[in-house]
Amino acid sequence: DARVTQTPRDKVTEMGQEVTMRCQPILGHNTVFWYRQTMMQGLELLAYFRNRAPLDDSGMPKDRFSAEMPDATLATLKIQPSEPRDSAVYFCASGSRDRGVLGYGYTFGSGTRLTVV
Amino acid sequence: DQQVKQNSPSLSVQEGRISILNCDYTNSMFDYFLWYKKYPAEGPTFLISISSIKDKNEDGRFTVFLNKSAKHLSLHIVPSQPGDSAVYFCAASAKTGNQFYFGTGTSLTVIP
């Protein structure tokens, strides 16, 4: 089964440190999403890319968060400096704009659980 | 502002009975809806979908109902099994849109 791979699985870091989360989307998927799961907001969209170009990052605090796709096999989400309120599970998902595939939604990775102390 | 709402954070059901999970949306442009299931320490996985041209879609024990006039959809699980215990997310998309909007999830517990 094709899967979206996220690393690290868990990350504990001190406030003020830089955190980088990585995602390998499914080969052939041209759309990559970063979501954050919180109790209050559920699955909150942070940013997404199509064909490696950023399409929407309005959900992301721009002063500390950045998202990139250096190539088709890697997406990164970086937080610098990290704060305790960033503690959450961060999910990467990939899909294809063809509605037949998007109709099945996205394929999510297992997430990165970030704890900022 | 949440465009997709799941107002019940949790639900408990006896094994063998019906589970009904509800979802409301505000954007009348939404025309495609999904349900995702999420186990602890895993990512959400696709469960079932429905297009706005239908009012019902069935897949085994899972049925999704769509009431466009009320902007409401529901997921029925019959019969409920302990393995169905998970968080269920409702998601919606517009034909012209590029993303799905997710609700906050409902945690279902099926009691053996």
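Here the structure is a predicted model, which means the values were calculated and not measured.

Asks: Pulling in residues and values, what's your account of the overall build of chain A?
Replies: When helices and strands are tallied, chain A shows one helix and 11 strands. N-terminal to C-terminal, the α/β element order of chain A is β-β-β-β-β-β-β-β-β-α-β-β. A compact globule built from 117 residues would reach a C-alpha radius of gyration of about 13 Å, and chain A, at 14 Å, matches this within 12%. The principal-axis extents of the C-alpha atoms in chain A amount to approximately 40 × 25 × 25 Å. Counting contacts in chain A only where the partners sit at least 6 residues apart, residues at least 24 apart contribute 56% of the total. Entry remark: accessible area of chain A is about 5,800 Å², with carbon and sulfur atoms responsible for 49%.

Asks: Please set out the pattern of salt bridges residue by residue, giving values where relevant.
Replies: Residues and elements named next belong to chain A. In this structure the tally under the stated criterion is eight salt bridges over all chains. Here Glu 83 makes a salt bridge to Arg 64, at a shortest N to O gap of 3.5 Å. Of this pair, Glu 83 sits in the loop between strand S8 (74-79) and strand S9 (88-95) while Arg 64 sits in the loop between strand S6 (53-56) and strand S7 (65-71), placing them 19 residues apart in sequence. What makes Glu 83 partly exposed here is its relative accessible area of 23%.

Asks: Can you break down the interface of chain B and chain A residue by residue, with the values?
Replies: Every contact between the two is made by 23 residues of chain B and, on the other side, 23 residues of chain A. Counting each side, the surface lost to burial between chain B and chain A is near 1,800 Å², with a carbon and sulfur contribution of 50%. Here chain B and chain A share zero salt bridges between them. Summed over the shared surface of chain B and chain A, the number is four residue pairs in polar contact (both at pLDDT 80 or more). Of all the secondary-structure elements, those providing two or more residues to the side of chain B that touches chain A are strand S4 (30-38), strand S5 (45-51) and strand S9 (86-94) of chain B.

Asks: Tell me about the nonpolar core, and please be specific about residues and values.
Replies: Residues and elements named next belong to chain B. In this structure, Phe 33, Trp 35, Leu 73, Leu 75 and Tyr 88 are the most contacted members of the largest nonpolar core, which totals 24 residues. Sorting elements by how many residues they give to this core places S9 first, with five residues. Beyond its immediate chain neighbours, meaning those up to four positions away, Tyr 88 contacts Gln 6, Leu 21, Trp 35, Tyr 36, Lys 37, Leu 47, Leu 75, Ile 77, Gly 105, Thr 106 and Leu 108.

Asks: Can you lay out the sheet that holds strand S8 (residues 72-77) of chain B for me, pointing to particular residues and giving the numbers?
Replies: All names here are of chain B. Spatially, S1-S3-S8-S7-S6 is the arrangement adopted by the five strands of the open sheet, whose pairing is antiparallel. Strands with a single pairing partner mark the edges of an open sheet, and in this sheet they are strand S1 (4-5) and strand S6 (56-59). Two strands pair when backbone bridges link them, and S6 and strand S7 (residues 62-67) are joined in this way by four bridges, in the antiparallel orientation. Following the sheet pairing, Asn 57 is matched in S7 by Val 64.

About the cut-offs
Residues numbered from 1 in each chain as written. Chains lettered and ligands numbered in written order. Predicted model: local features only at pLDDT ≥ 70, side-chain atom pairs only at ≥ 80, totals over all residues. Heavy atoms only, no water. Helix = DSSP H or I, 4+ residues; strand = E, 2+ residues; numbered from the N terminus. Rg over C-alpha atoms; globule rule 2.2 N^0.38 Å. Contact = heavy atoms within 4.5 Å. Areas by Shrake-Rupley, 256 points an atom, 1.4 Å probe, with all protein chains shown as cover. Salt bridge = Lys/Arg side-chain N within 4 Å of Asp/Glu carboxyl O. Buried < 20%, exposed > 50% of the residue type's maximum accessible area, 1.4 Å probe, protein only. Buried area = accessible area lost by both parts, 1.4 Å probe. Polar contact = N/O pair within 3.5 Å; in protein donor to acceptor, adjacent residues only side chain to side chain. Core = buried A, V, L, I, M, F, W, Y, C linked by side-chain atoms within 4.5 Å. Pairing = 2+ DSSP bridges.

Fair warning: the whole summary comes from geometry, so function is off the table for now.
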